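Breakdown of the fold
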Amino acid sequence: LVVAGTMTMGEQSGPPESLRLLDAAFDAGVNFFDSAEMYPVPQRAETHGRSEELVGRWLRARRVPRDSVVLATKVAGPSGQMTWIRGGPVALDSRNITEAIDSSLRRLGVDYIDLYQIHWPDRYVPMFGETDYDPSRQYASIPMEEQLEALGKGVESGKVCCSVLCRRCSILPICPRC
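Calculation notes
- Residues numbered from 1 in each chain as written.
- Predicted model: local features only at pLDDT ≥ 70, side-chain atom pairs only at ≥ 80, totals over all residues.
- Heavy atoms only, no water.
- Helix = DSSP H or I, 4+ residues; strand = E, 2+ residues; numbered from the N terminus.
- Buried < 20%, exposed > 50% of the residue type's maximum accessible area, 1.4 Å probe, protein only.
- Contact = heavy atoms within 4.5 Å.
- Areas by Shrake-Rupley, 256 points an atom, 1.4 Å probe, with all protein chains shown as cover.
- Salt bridge = Lys/Arg side-chain N within 4 Å of Asp/Glu carboxyl O.
- Axes fitted to C-alpha atoms, helices over the stretch in contact; angles between N-to-C directions.
- Parallel < 35°, antiparallel > 145°, perpendicular 65-115°, else oblique.
- Left-handed = near helix turned anticlockwise from the far one by under 90°.
- Nonpolar A, V, L, I, M, F, W, Y, C, P; charged D, E, K, R; others polar.
- 1 Å grid on protein atoms, 1.4 Å probe; cavity = no way out; pocket = protein on both sides within 12 Å on 5 of 7 lines; lining within 4 Å.
- Points joined across faces, edges and corners; volume = space filled by probe spheres on them.
- Pairing = 2+ DSSP bridges.

You'll find the protein entered in an unreviewed UniProt entry as NADP-dependent oxidoreductase domain-containing protein, with Aegilops tauschii subsp. strangulata given as the organism.

This is how it looks when you write it as structure tokens:
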């Protein structure tokens, strides 16, 4: 696998440049494309999900055989800043994971996602430059079992081929398609 990220597509590079970059990457042998519902970066309501949309547009426009690429994407965790993503969820619960999977499938225009990840797990420590910890300002604690069950349902339904709880975890339910 050769990996290409799409973190800035739809912001720093517009649709024409993004499609050309995807073409060049694919022609050079890249077959793993990584995105996220919160991309492009920097995150803005106006561009939310655009990275996934551009990958989907490219797949359709170029008639790329679905089984010739590996598509990865991620669900965004709780964020007070990104209120445009599912209302700025206060928890990464089963409902939010399921809704995120369905939205990513729609934006990508595909029947399944090869690798689905939680962008960042629930953290109960100061986050992103905070220096003080105030538990009252933190998000609802969702048991890992609920998150794994939601990811497992994505696999069982055929919407997700493989899923991973977080970037450093080795938990990887796999479907027969992989």
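Picking up after the structure, the text goes on.
**Things to note about the overall build of the protein**
Broken down by element type, the protein carries 4 helices and 5 strands. Among the 178 residues that make up the protein, the fraction classed as buried is 48%. For the protein, the share of sequence-separated contacts (at least 6 apart) that also reach a separation of at least 24 residues comes to 66%. Put simply, the protein shows about 9,100 Å² of open surface, and 54% of that area lies on carbon and sulfur atoms.

**Thoughts on the pattern of salt bridges**
Evaluation of the coordinates by the stated rule reveals 11 salt bridges. We note a salt bridge from Glu 37 to Arg 86, for which the minimum N-O separation is 2.7 Å. Residue Glu 37 is found in the loop between strand 2 (32-34) and helix 2 (50-61), and its partner Arg 86 is found in the loop between strand 3 (70-75) and helix 3 (94-108); the two are separated by 49 residues along the sequence. Accessibility expressed as a relative area gives 2% for Glu 37, which makes it buried. Linking Glu 99 and Arg 95 is a salt bridge whose minimum nitrogen-to-oxygen distance equals 3.1 Å.

**Points about the packing of helix 1 (residues 15-27) against helix 2**
Two elements in contact, helix 1 and helix 2, have axes whose closest approach is 10 Å; the angle formed by their N-to-C orientations is 60°. The angle between the axes of helix 1 and helix 2 places the two elements in the oblique class. The handedness of the crossing between helix 1 and helix 2 is right-handed. Contacts from Pro 15, Ser 18, Leu 19, Leu 22, Asp 23 and Phe 26 in helix 1 reach Leu 54, Val 55, Arg 57 and Trp 58 in helix 2. Classifying every residue of the contact of helix 1 with helix 2 by side-chain character gives 7 nonpolar, 1 polar and 2 charged.

**Quick look at empty space enclosed by the protein**
For the structure on display, the rule yields 2 cavities of 30 Å³ or more. Of the voids in this model, the second largest cavity is the one considered here, and its volume is about 30 Å³. In terms of lining residues, the second largest cavity is bounded by Thr 6, Phe 33, Asp 34, Ser 35, Val 55, Leu 71, Ala 72 and Leu 108. Broken down by secondary-structure element, the contributors of at least two residues to the lining of the second largest cavity are strand 2 and strand 3. Across the lining of the second largest cavity, the residue classes tally to 5 nonpolar, 2 polar and 1 charged.

**Topic: the pairing of strand 4 (residues 113-118)**
Burial within strand 4 is extensive, with 6 of its 6 residues counted as buried. As paired strands, strand 3 and strand 4 are joined by 4 bridges and run parallel to one another. Each residue of the ladder has a partner; that of Lys 74, found in strand 4, is Gln 117.

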